[in-house]
Amino acid sequence: MEILIVEDEKEIAQLINNCLTREGFQCHVVYDGLSALESAKKIQPDLIILDLMLPKLDGLEVCSRLRNQAMTKDPYILMLTAKGEEIDRVIGLSTGADDYLVKPFSPRELVARVRALLRRSMRHGGQSQIYETPHFIVNLDEHTALRKVGGKEETLDLTALEFNLLAVFINYPSKVWSRTQLIDKLWGADFFGDERVVDTHIRRLRKKIEPNPAQPSFIKTVVGVGYKFEDE
Ligand code: CA
């Protein structure tokens with residue numbers, strides 16, 4: 001697995017590099033947005049760790065150009081942000097990033113996020129890798145999700161985490177999930193960040209799968225507990 005690290009603060013870049021190299025990933029480091037685009041093309045990484053504030057081109061611009069650039073692999077993008085308004089910019093906009101991490105973060109948290117993104121298919125021992133409900137077909141082997149609309153099937157354009165979230169829901173229909181349980185499923189027990197990250201991904205997933213995201217018919221909020229998925 002190859003990872004491209006884009007971070008202009010050299011100490012942080014080095015820290016991330018050491019931490020992920022120790023975990024067995026092959027890492028490349030660049031320090032500005034333009035070099036990020038060039039290296040991404042050359043290396044074709046599996047994952048890009050992308051700082052938001054960068055010289056030459058900022059992270060959001062790099063992200064959207066990466067998404068429009070022809071790549072042999074479609075890399076996962078983990079965005080790094082500082083505390084404050086930047087977070088709202090990253091969450092609020094449809095940046096094309098798969099996940100984000102707020103600085104300062106611990107090496108354990110970084111590794112947990114990276115592993116969650118790279119865990120392409122979630123295995124559930126012995127069970128089928130294709131889940132079908134009246135409105136959705138999720139294929140864990142091929143990592144595709146389809147929505148059935150008016151007798152047709154349309155492909156859902158989901159980020160890695162949105163896909164994993166939908167897969168978890170569909171795998172356990174009508175189960176009521178707390179945010180902590182969803183975090184355990186998606187990021188593993190190593191996660192210790194803000195639980196609101198779950199709400200962010202739920203909101204984005206609803207936008208993509210619900211006919212009316214304001215009144216969800218599939219992903220229901222269970223007041224005081226969390227969420228459940230229903231597709232009768
Ligand atoms: Ca920076």
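Residues numbered from 1 in each chain as written. Predicted model: local features only at pLDDT ≥ 70, side-chain atom pairs only at ≥ 80, totals over all residues. Heavy atoms only, no water.

(A) View of the overall build of the chain. Regarding its fold elements, the chain presents eight helices and 12 strands. Classification of the 232 residues of the chain by burial places 53% in the buried group. Here the chain has roughly 11,400 Å² of accessible surface; of this, 50% comes from carbon and sulfur atoms. (Helix = DSSP H or I, 4+ residues; strand = E, 2+ residues; numbered from the N terminus. Buried < 20%, exposed > 50% of the residue type's maximum accessible area, 1.4 Å probe, protein only. Areas by Shrake-Rupley, 256 points an atom, 1.4 Å probe, with all protein chains shown as cover.)

(B) Spotlight on the sheet that holds strand E11 (residues 219–222). Read across the open sheet, the three strands follow the order E10-E12-E11; overall the sheet is antiparallel. Unpaired on one side and paired on the other, strand E10 (177–178) and E11 mark the two borders of the sheet. Across two bridges, E10 lies against strand E12 (residues 226–229) in antiparallel orientation. Looking at the pairing, Ser178 lines up with Gly226 of E12. Of the strands in this sheet, E11 and E12 are in contact with helix H8 (residues 196–209), which crosses E11 at around 145°. (Pairing = 2+ DSSP bridges. Contact = heavy atoms within 4.5 Å. Axes fitted to C-alpha atoms, helices over the stretch in contact; angles between N-to-C directions.)

(C) Looking closely at the nonpolar core. Counting residues in hydrophobic clusters, the biggest one holds 71 residues, and the most contacted among them are Leu20, Ile49, Leu110, Val114 and Leu166. Of the residues forming this core, the biggest block, nine residues, is contributed by helix H6 (residues 160–171). Taken domain by domain, the makeup of this core includes at least three residues from each of domain 1 (2–118) and domain 2 (130–229). When near neighbours in sequence (up to four residues on either side) are disregarded, Leu110 contacts Ile16, Cys19, Leu20, Ile49, Leu78, Leu101 and Phe105. (Core = buried A, V, L, I, M, F, W, Y, C linked by side-chain atoms within 4.5 Å. Domains from an automatic or database assignment.)

(D) Geometry of the pattern of salt bridges. Here the structure, examined in full by the defined rule, presents 15 salt bridges. Where Lys220 meets Glu230, a salt bridge forms, and the shortest distance between an N and an O atom there is 2.9 Å. Placement of the pair is Lys220 in strand E11 and Glu230 in the segment after E12, with a sequence separation of 10 residues. Sharing partners across several salt bridges, the network here consists of Glu7, Glu9, Asp51 and Lys103. (Salt bridge = Lys/Arg side-chain N within 4 Å of Asp/Glu carboxyl O.)

(E) Spatial organisation of helix H1 (residues 10–22). Look at H1: 18 Å from first C-alpha to last across 13 residues, which is about the 18 Å you get at 1.5 Å a residue. Every buried residue of H1 is accounted for by Ala13, Ile16, Asn17, Cys19 and Leu20. Where H1 is buried, its residues touch strand E1 (2–6), strand E2 (26–30), strand E3 (47–51), strand E4 (76–81) and helix H5 (107–118). Phi turns positive one or two residues past the end of H1, at Gly24, with a value near 95°. (Expected span 1.5 Å × (residues − 1).)

(F) Representation of the coordination of the calcium ion within the structure. The protein atoms that coordinate the calcium ion are Asp8 (OD), Asp51 (OD) and Met53 (O), at distances of 2.1 to 2.3 Å. In primary-sequence terms, the residues that donate to the calcium ion follow D-x42-D-x1-M. Judged by its relative accessible area of 3%, Asp51 is buried. (Donors = N, O, S within 2.8 Å, 3.2 Å for Na, K, Ca; no water.)

(G) Representation of helix H2 (residues 33–43) within the structure. Every buried residue of H2 is accounted for by Gly33, Ala36, Leu37, Ser39 and Ala40. The elements touched by buried residues of H2 are E1, E2, E3 and helix H3 (59–68). N-cap assignment for H2: the residue whose side-chain oxygen lies 3.0 Å from the backbone N of Leu34 is Asp32. In the segment just after H2, Gln44 is the residue with positive phi, at about 50°. (Polar contact = N/O pair within 3.5 Å; in protein donor to acceptor, adjacent residues only side chain to side chain.)

Nothing here speaks to function; it is all geometry.
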